[in-house]
Amino acid sequence: MDPSIYRYILKHTLKDQIYLMLLTAASMPFVYISLEIPKKIINEAIGGENIPDEIFGFDIDQITYLLILCGVFLLLVFINGGLKYLINVYRGVLGERMLRRFRYELYSRILRFPLPHFKRTSQGEIIPMITAETEPLGGFIGDAFALPAFQGGLLLTYLSFIFVQDPWLGLAAIALYPPQIYLIPKLQKKVNQLAKQRVQTVRKLADGVGESVSGVTEIHANDTSLFERAKISDRLATIYDIRFDIYKRKFFIKFLNNFLGMLTPFFFYSIGGFFVIQGELSLGALVAVLAAYKDIGPPWKELLKFYQITEDVRVKYGQIIEQFQPENMLDVELQQLPEGDIQPLQGTLVSSNVRYTEDQVVNIVDGANFRLALDNHVCIVGSTGSGKDEIARLIARLIFPSAGRFTIDEENLSKYSEAILGRRISYVGPNAHVFTGTVFNNVVYGLKHRPMSEVEYDEQAARKRARAIKEARATGTSSDDVNADWIDYGAAGVEDHKQLVERILETLKITDLDEDIYKLGLNGTITAESHMNLVERVLEARNALRERLSDPKMAALVESFDRDHYNTNMSVAENLLFGTSIHPSFDTENLSNNDQVLKVLEECGLIPDFLKMGRKIADIMLELFADVPSDSELFEQFSFISAEDLPVFHGLLNRTDENKLDDLPEEDRTLLLSLPFKLIPARHRLGLIDEAMQERLLEARRVLYSQLGEENEYVSFFDREKFNPAITIQDNILFGRLVYGQARAQTRVGELIKETVDALDLRKQILMAGLEYEVGIAGARLSLAQRQKLVITRGLMKRPDVLILNDATSPLDPAAENQIIDNLIQHMTGRGLIAVLSRPELAPRFEHTIVLENGKVLEQGVTKEITDNSSAFQSLMTQN
């Protein structure tokens, strides 16, 4: 990247800067004339001197002349304002375009960083550099030439006008500029140094915060929160000290500017007043000079401010590009699409005296020599630190050898483009990344190399898209449509989306992920609008399951939802709503504050009963849990009141009378009303919800339903004949609650649901619904094993010539690892499979084995010979 920000600006915006300069130059005559007009108004139109008899053939008098000059002045105000508006908007657009280009170039460079660089530089440092630290550059780039030209032009125009009126006043106007020009840069230099320190310290702060977020589990587990706070506090203190020093120096510069600026009016009033008294200068000229000098102040201040901003931006720009030019960056050419079709990788991979180091001291891989056919199944084994991880990444060309080379049929692997290796080789590491989005998006991620088909937009959207393409080209950023279909169906060996889904479902079986995705689908939610067919099938499954549950042996396992019956295995809140809350105000915790619900309870005369039940529940909970440790799981399982709230309710009971609950303060009333909503008769068996109370609650249910209406934004009601989008597919099929106290009820009902789903051939559609499961940030909603299986699935989808598993299956339990390895070996028949193993006992499954130790290849060859005769391999087996 260009080390000079001015050269960078001119490289990309020379024509725009010239256009701005021309606009600026065109505006200066109008500025000068606008200074001359007030003088003419005072001296001629008002003073009555030199009034012309006619203008353009029309006779005029003094009043008409005054009005004409005032009209011209107003017109000039409009013209000057319009030109300023045009210049400012163009500057803003230019700055934002360049900021967009600059950020895009920085991000593109991140994609070329050598992977070891990310071990030394954290996200907390890189992200602010692209976002926050580049922000000032946008405004500066638009101003880089136009602002000093415009403000400088204004300054020269005003000074020219003053010199024309009187040279001595002109000299007085500029007398104090030389001291400012000399002093300000010297004072600013130290401010620049402090600004550089501040940027570096803020990056360290961001790094510390990012590290705390990543290691928050360890902080809690080791009780080191005070230590971490102390570290952050120390960095904040350093930033404070630097900023305090900057403020002192910056505002001293401002004070000096203001002081020197106010000396000039002294000269004007004294010298100018003297000349007026002596008759050597007209009063109108003096007034015009004072007005002009008043207008000189803003341009001069803007130029001084611009100088300070320039120095600050120059420091920021230099520090940013310094961080984005690490050694050994990936060549741009390697990320470009090669000419012609991408051919399969075939032949023999040869490692010739390969060395790899990250610190230029210790060779992690030290003179590795081996060869393997790309259609063989090879395992790499070695102890921790043997270099096996690096060998796998070197073969995948994710890192480059420090010495030596890899070749495929004599062609250097380092010369292959990412377009070839990224499509013909799949690499899965031990902590593979899962992107935010759905399971489906992650599975097909490896097929998104370029847009395969454009989106058909309507007329308005097409115009918007055309403008987006134009702006992208103007800013040097990607013009590819992110909304296009990027999936390369051919790479997956299919023709359309339907076949792609079929291929995904087949691949899920290979990676043993199908059962996980099925469960995610079963426990996920869908809408009728997007899954009409599945919704209808789920209702079929509901009816089929109901028939199965009608068997006397199964009937006692589930209490079905029935609008006309109270469900004793549901809470009071769930019975009252008879549906699922879809608005926070109708969540169980908030019902005691919900005006609508309280109004219904009031109408049904249930408020006094709820208050009595609430007090009774509080009394029982205090009696049962008074001596239970606060961290006991009993609170979560059985208590209506948390350990933290027990003292609150203890105080409430002490200050209330059981027979005077109608006059409770609002806060105490809300606390007592909140408890009955959590009561589940079949589970808690407190005897508070008898049949009479159940009937009254059913009446309240009917009233609430009638008031809210079937279609509302608060509650999704249960209906035997309708699908409920607010509950899971499984709950829609079950349409009831498991009965408390029934042995193995969950297992038995789960088996019934599975049998029902299989009988209706519904499993495939539920799997497809599971593909739409949102995995969370970096796959946080999936287990580690599920994430690894998902990324292996992603790798298989592009049908690679070589699949590299770098300890990818180690997070799995041994049985699952064995099964997946066997499935992959069978699936990759005729294609290459290279697996780094943490369990050497898996080696016999592979055709060839490479044994590493301390970065050196100790053994290589047919697996059976290695396992039978290699002492190094036997040592690994013993260690394992």
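Would you mind showing me how to read the overall build of the protein here?
Counting secondary structure elements, the protein contains 34 helices and 18 strands. Over its C-alpha atoms the protein spans a radius of gyration of 39 Å, topping by over 25% the 29 Å that the globule rule assigns to 880 residues. Across its three principal axes, the protein shows a C-alpha extent of roughly 120 × 90 × 60 Å. Looking at the protein residue by residue over its 880 residues, the buried ones come to 46%. Positive and negative charge centroids in the protein, built from 94 and 119 side chains respectively, lie 5 Å apart.

Got a minute to help me understand the environment of Thr384 in this structure?
The residue Thr384 is located in the loop between β5 (377-382) and α12 (388-395) in this model. Its relative accessible area of 82% is what places Thr384 among the exposed residues.

Can you help me understand the sheet that holds strand β6 (residues 403-408) in this one?
Pairing between the strands of a sheet is mediated by backbone hydrogen bonds and can be parallel or antiparallel. The strand order across the open sheet formed by 4 strands is β4-β3-β6-β7, and the pairing between neighbours is antiparallel. Among the strands making up the open sheet, the edge pair consists of β4 (363-373) and β7 (411-412). Where strand β3 (residues 348-357) meets β4, 8 bridges bridge the pair, whose relative direction is antiparallel. What sits directly across from Tyr356, in β4, is Val365. Sheet strands touched by α12: β3, β4 and β6. Its angle to β4, the strand with the most contacts, is close to 55°.

Mind showing me how you'd approach the sheet that holds strand β18 (residues 856-862) here?
An order of β8-β15-β16-β5-β17-β18 is seen for the 6 strands of this open sheet, with the pairing classed as mixed. Looking at strand neighbours, the two that pair on one side only are β8 (425-428) and β18, the edges of this open sheet. The mean angle between the axes of side-by-side strands here comes to 15°, regardless of whether they run parallel or antiparallel. Sitting on the sheet, α12 is in contact with β5, β8, β15 (802-806), β16 (832-836) and β17 (848-853), with an inclination near 155° to β15. Against the sheet, helix α31 (residues 784-797) makes contact with β8 and β15, and its axis sits at roughly 175° relative to β8, the strand it touches most.

Looking at this structure, how should I read a negative patch on the surface?
On the surface, Asp619, Glu623, Asp657 and Glu658 cluster together into a negatively charged patch. Relative to the helices and strands, Asp619 is located in helix α22 (residues 607-625). Assessed through its relative accessible area of 38%, Asp619 is described here as partly exposed.

Could you clarify how one ought to interpret helix α24 (residues 646-655) in this entry?
The α-helix advances 3.6 residues per turn, and as a result positions three or four apart in sequence lie on the same side. Among all positions of α24, only Leu646, Phe649, Leu652 and Leu653 are buried. Projected onto a plane normal to the axis of α24, the buried residues spread over an arc of 120° and lie on a single side. In α24, the exposed positions angled more than 90 degrees off the buried face are occupied by Pro647, Asn654 and Arg655.

Explain the nonpolar core here, please?
Most often, soluble globular proteins keep nonpolar side chains buried together rather than apart. Counting residues in hydrophobic clusters, the biggest one holds 79 residues, and the most contacted among them are Leu500, Ile504, Ile729, Ile733, Leu771 and Leu805. Top contributing element to this core by residue count: helix α18 (residues 532-549), with 7 residues. Excluding residues within four positions of it along the chain, Ile504 makes contact with Phe440, Val443, Val444, Leu771 and Met797. Judged by nonpolar contacts, the second largest core, of 48 residues, contains Leu598, Leu611, Ile641 and Leu661.

Help me out: how do you make sense of the pairing of β15 in this one?
A regular strand places its side chains so that they alternate between the two faces of the sheet. Extensive coverage of β15 is indicated by the burial of 5 of its 5 residues. Burial of β15 is two-sided: the residues Val802, Ile804 and Asn806 facing one way and the residues Leu803 and Leu805 facing the other way are all buried. Two strands pair when backbone bridges link them, and β8 and β15 are joined in this way by 4 bridges, in the parallel orientation. Directly across from Ser426, in β15, lies its bridge partner Leu803. Note that β15 and β16 share 5 bridges and pair parallel. What sits directly across from Val802, in β16, is Gly832. Between the parallel elements β15 and β16, the chain passes through helix α32 (residues 814-827) in a crossover that is right-handed.

Just checking my understanding: could you explain a nonpolar patch on the surface for this structure?
Judged by side-chain polarity, Tyr19, Tyr85, Leu86, Val89 and Val93 come together as a nonpolar surface patch covering roughly 460 Å² of accessible area. At 4 residues, the largest contribution of residues to the nonpolar patch is made by helix α2 (residues 62-110). Relative to the elements of secondary structure, Leu86 occurs in helix α2.

What exactly am I supposed to notice about the packing of aromatic side chains here?
Counting across every chain of the model gives 19 aromatic pairs. Taking 4.8 Å as the distance between ring centres and 65° as the angle between the ring planes, the aromatic pair formed by Tyr705 and Phe717 counts as edge-to-face. Taken together, the positions of Tyr705 in helix α27 (residues 691-708) and Phe717 in strand β13 (residues 715-717) put the pair 12 residues apart, joining distant regions of the chain. The exposure class of Tyr705 is partly exposed, given its relative accessible area of 25%. Looking at Phe717, the relative accessible area reads 11%, which means it is buried. Among the aromatic residues, ring-to-ring pairing joins Phe561, Phe578, Phe718 and Phe735 into one connected group. The ring of Tyr705 carries the charged tip of Arg563 above its face, separated from the ring centre by 4.5 Å.

What am I meant to see in the packing of helix α16 (residues 497-510) against helix α30 (residues 763-770) here?
Axis angle and axis distance: for two packed helices, these are the angle between their axes and the distance between the axes, and together they describe the pair. Running from amino to carboxyl end, α16 crosses α30 at an angle of 95°, the nearest separation of the two axes being 11 Å. As judged from the angle between their axes, α16 and α30 are roughly perpendicular. Residue-level contacts link Val501, Glu502 and Leu505 of α16 to Lys764, Leu767 and Met768 of α30. A breakdown of the residues in the contact of α16 with α30 according to their chemical character gives 4 nonpolar, no polar and 2 charged.

Help me out: how do you make sense of the environment of Ile607 in this one?
Positionally, Ile607 belongs in helix α22. Residue Ile607 is classed as buried on the basis of its relative accessible area, which comes to 4%. For Ile607, the contacting residues outside a window of four places in its chain are Leu598, Leu601, Glu602, Arg669 and Leu673.

Honestly, the side chain of Thr670 in this entry has me stumped. Any pointers?
With respect to the element layout, Thr670 can be found in helix α25 (residues 666-674). Judged by its relative accessible area of 15%, Thr670 falls in the buried class. Each residue touching Thr670, except ones within four places of it in the same chain, is listed here: Ser592 and Asn593.

What's the story with the confidence of the model for the protein in this structure? I'm lost.
Any residue range with low pLDDT should be treated as having predicted coordinates unsuitable for detailed reading. The predicted model of the protein has a mean per-residue pLDDT of 86, with 93% of residues at 70 or higher. Within the protein, no element has a lower average pLDDT than helix α7 (residues 167-174), which sits at 64, and none a higher one than β16, at 96.

Would you mind showing me how to read unusual backbone geometry here?
Excluding glycine, residues mostly carry a negative phi; peptide bonds, for their part, are mostly trans. The residue Asn353 is not glycine, and still its phi comes out positive at about 50°. Along the chain, the position of Asn353 falls in strand β3. Its identity as a non-glycine residue notwithstanding, Arg744 has a phi of 55°, on the positive side. Along the chain, Arg744 turns up in the loop between β14 (736-738) and α29 (745-759). Judged by its relative accessible area of 54%, Arg744 falls in the exposed class.

How do you make sense of the pattern of salt bridges when you look at a structure like this?
Side-chain pairs of opposite charge can arise whenever the charged atoms involved come near each other. If you walk through the whole model with that rule in mind, you get 28 salt bridges. The closest approach of N and O atoms between Lys754 and Asp758, which form a salt bridge, is 3.2 Å. With a gap of 4 residues between them, Lys754 and Asp758 both fall in helix α29, about one helical turn apart. Note on Lys754: relative accessible area 39%, which makes it partly exposed.

Where do I start with the pairing of β18 in this structure?
In terms of strand pairing, β17 meets β18 through 6 bridges, oriented antiparallel. Paired with Leu852 across the two strands is Val857, which belongs to β18. Linking two consecutive strands that pair antiparallel, namely β17 and β18, is a turn of 2 residues; a positive phi of about 55° is found at Asn854 within it.

Cut-offs used in this document
- Residues numbered from 1 in each chain as written.
- Predicted model: local features only at pLDDT ≥ 70, side-chain atom pairs only at ≥ 80, totals over all residues.
- Heavy atoms only, no water.
- Helix = DSSP H or I, 4+ residues; strand = E, 2+ residues; numbered from the N terminus.
- Rg over C-alpha atoms; globule rule 2.2 N^0.38 Å.
- Buried < 20%, exposed > 50% of the residue type's maximum accessible area, 1.4 Å probe, protein only.
- Lys, Arg positive; Asp, Glu negative; His and termini not counted.
- Charge placed at Lys NZ, Arg CZ, Asp CG, Glu CD.
- Pairing = 2+ DSSP bridges.
- Contact = heavy atoms within 4.5 Å.
- Axes fitted to C-alpha atoms, helices over the stretch in contact; angles between N-to-C directions.
- Patch = residues over 30% accessible without salt bridge, like charges linked within 9 Å, V, L, I, M, F, W, Y side chains within 5 Å.
- Areas by Shrake-Rupley, 256 points an atom, 1.4 Å probe, with all protein chains shown as cover.
- Salt bridge = Lys/Arg side-chain N within 4 Å of Asp/Glu carboxyl O.
- Arc of directions from axis to C-beta.
- Core = buried A, V, L, I, M, F, W, Y, C linked by side-chain atoms within 4.5 Å.
- Right-handed = clockwise from strand over helix to strand, strands pointing away.
- Phe/Tyr/Trp six-rings, centres within 6.5 Å; stacked < 30°, edge-to-face > 60°.
- Lys NZ or Arg CZ within 6 Å of the ring centre and 35° of its normal.
- Parallel < 35°, antiparallel > 145°, perpendicular 65-115°, else oblique.
- Nonpolar A, V, L, I, M, F, W, Y, C, P; charged D, E, K, R; others polar.
- pLDDT = per-residue confidence, 0-100.

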